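Close look at the chain arrangement
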Amino acid sequence: DREEQDLTATIEDLSMKIEGLAKAIEELKGEIAEMQVQLKRAGEDRELQNKEFQSTVADQRETQKLLTSALQFLKDFYHKKTAFIQKQEPVGPPPPAGFETYKNN
């Protein structure tokens, strides 16, 4: 009789442990499912952030091209402007040999 009671108590104890472990397994499965959803969302977020980053980089590269083009245009414009500046050359024919330059007394 005593042995039967001990076995019954052991069976009840093990049954309660099995129920507790089954509940823990179900909770962990739920947590795993939630983590998989979060992982999927994080992947989608990273994909959107990457698209935004690529767009920003493309805009910056286009801006850099425009600024380089504007700089080159300005360099060309001001370089040509200096080409149009008249350099003063002596008026008339060169003096004959033997004449010196004019000096004030």
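Look above for the structure.
Residues numbered from 1 in each chain as written. Predicted model: local features only at pLDDT ≥ 70, side-chain atom pairs only at ≥ 80, totals over all residues. Heavy atoms only, no water.

This paragraph deals with the overall build of the protein. Looking only at helices and strands, one finds 1 helix and 0 strands in the protein. Looking at the 105 residues of the protein, the share that counts as buried comes to 1%. Total accessible area computed for the protein in this model is approximately 10900 Å², and 58% of it derives from carbon and sulfur atoms. (Helix = DSSP H or I, 4+ residues; strand = E, 2+ residues; numbered from the N terminus. Buried < 20%, exposed > 50% of the residue type's maximum accessible area, 1.4 Å probe, protein only. Areas by Shrake-Rupley, 256 points an atom, 1.4 Å probe, with all protein chains shown as cover.)

What follows concerns the pattern of salt bridges. If you walk through the whole model with that rule in mind, you get 1 salt bridge. A salt bridge links Lys-51 to Glu-47, with the shortest nitrogen-to-oxygen separation between them at 3.9 Å. Within this pair, Lys-51 and its partner Glu-47 are both found in helix H1 (residues 2–84), separated by 4 residues, close to a single helical turn. Of the residues examined, Lys-51 reaches a relative accessible area of 54% and is grouped as exposed. (Salt bridge = Lys/Arg side-chain N within 4 Å of Asp/Glu carboxyl O.)

Another aspect to go through is the packing of aromatic side chains. For the structure on display, the rule yields 1 aromatic pair. An angle of 85° between the planes, with centres 5.1 Å apart, marks the rings of Phe-77 and Tyr-78 as edge-to-face. Looking at Tyr-78, the relative accessible area reads 49%, which means it is partly exposed. (Phe/Tyr/Trp six-rings, centres within 6.5 Å; stacked < 30°, edge-to-face > 60°.)

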